[in-house]
Amino acid sequence: MKEETRIYLSLSQYLQLQYPDIVFHFDIKLQSLGAGIINKRMNPINGFSDLVIFESRGNLHGLFLEIKKDGEKLFKINGEYKTPHIKEQADFLEKMNRKGYYAKFGIGWDDCKKIIDDYLAHK
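Residues numbered from 1 in each chain as written. Predicted model: local features only at pLDDT ≥ 70, side-chain atom pairs only at ≥ 80, totals over all residues. Heavy atoms only, no water.

(A) Representation of a positive patch on the surface. On the surface, Lys-2, Lys-69, Lys-73 and Lys-82 cluster together into a patch of positive charge. When its relative accessible area of 55% is taken as the criterion, Lys-73 is described as exposed. (Patch = residues over 30% accessible without salt bridge, like charges linked within 9 Å, V, L, I, M, F, W, Y side chains within 5 Å. Areas by Shrake-Rupley, 256 points an atom, 1.4 Å probe, with all protein chains shown as cover. Salt bridge = Lys/Arg side-chain N within 4 Å of Asp/Glu carboxyl O. Lys, Arg positive; Asp, Glu negative; His and termini not counted. Charge placed at Lys NZ, Arg CZ, Asp CG, Glu CD. Buried < 20%, exposed > 50% of the residue type's maximum accessible area, 1.4 Å probe, protein only.)

What follows is the structure, encoded as structure tokens:
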């Protein structure tokens, strides 16, 4: 099992126990060829976040969290995004921030938990 998948499962359990009344969803991509084609047709947006929490806080409409494994680097030494896919994800997060959501990268379980707790602590 990939490390990111372990983080998803752990965060899901944490959210269910710590915040049982919130509504959230993990965007898990199906990996088989046929499922991948169907998924792409149904979800045409590149870079969609791994976790969405459908709870408003203050003037923010919800939380979009792009989850990365511990130690993953987003940038090259020259300041460019490490991969085109990470750039797509960053562009999506920026777009959602402009639309009134709180949207961030979370690196590892501890960082993701802190982002979630900080967001949900605001009223």
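From this point on, the discussion continues.
(B) Representation of the packing of helix H1 (residues 3-18) against helix H4 (residues 108-121) within the structure. Orientation of H1 relative to H4, taken along the N-to-C sense of each, is 35°, at an axis distance of 10 Å. Crossing handedness for the pair H1 and H4: right-handed. Contacts from Ile-7, Ser-10, Leu-11, Tyr-14 and Leu-15 in H1 reach Gly-108, Trp-109, Cys-112, Lys-113, Ile-116 and Asp-117 in H4. Its residues placed into classes, the contact of H1 with H4 shows seven nonpolar, two polar and two charged. (Axes fitted to C-alpha atoms, helices over the stretch in contact; angles between N-to-C directions. Helix = DSSP H or I, 4+ residues; strand = E, 2+ residues; numbered from the N terminus. Left-handed = near helix turned anticlockwise from the far one by under 90°. Contact = heavy atoms within 4.5 Å. Nonpolar A, V, L, I, M, F, W, Y, C, P; charged D, E, K, R; others polar.)

(C) Seen up close, the packing of aromatic side chains. Tallying each qualifying case throughout the model produces 10 aromatic pairs. Aromatic pair Phe-64 and Tyr-101: ring centres 5.1 Å apart, planes at 90°, arrangement edge-to-face. Taken together, the residues span a long stretch of sequence, with Phe-64 in strand S3 (residues 63-68) and Tyr-101 in the loop between helix H3 (84-98) and strand S4 (102-107) at a distance of 37 residues. With centroids separated by 5.9 Å and ring planes inclined at 5°, the aromatic side chains of Tyr-102 and Tyr-119 adopt a geometry described as stacked. A residue pair is termed long-range when its members are at least 10 positions apart, and Tyr-102 in strand S4 and Tyr-119 in helix H4 qualify at 17 residues. For Tyr-119, a relative accessible area of 3% puts it in the buried group. One aromatic cluster is present, built from ring pairs that chain together Phe-48, Phe-64, Phe-92 and Tyr-101. (Phe/Tyr/Trp six-rings, centres within 6.5 Å; stacked < 30°, edge-to-face > 60°.)

(D) Up close: the side chain of Glu-72. Residue position: Glu-72 is located in the loop between S3 and H3. Put simply, Glu-72 is tucked away with no salt bridge, and the nearest opposite charge, on Lys-68, sits 4.3 Å away. For Glu-72, the contacting residues outside a window of four places in its chain are Glu-4, Ile-86 and Ile-107.

(E) Spotlight on the pairing of S4. Across six bridges, S3 lies against S4 in parallel orientation. Bridging across to S4, Lys-68 finds its partner in Ile-107. Where the polypeptide runs from S3 across H3 and back to S4, its parallel neighbour, the crossover connection is right-handed. (Pairing = 2+ DSSP bridges. Right-handed = clockwise from strand over helix to strand, strands pointing away.)

(F) The sheet that holds S3, seen in detail. Pairing is mixed across the open sheet formed by four strands, whose spatial order is S1-S2-S3-S4. In this open sheet, the two strands that pair with only one neighbour each are strand S1 (24-26) and S4. Mean inter-strand twist for the sheet, computed between neighbouring axes without regard to direction, equals 15°. The sheet contact formed by S1 and strand S2 (residues 51-53) spans three bridges and is antiparallel. When the sheet's bridge partners are listed, His-25 is paired in S2 with Val-52. Its contacts with the sheet put H3 on S3 and S4, and the angle it makes with S4 is roughly 145°.

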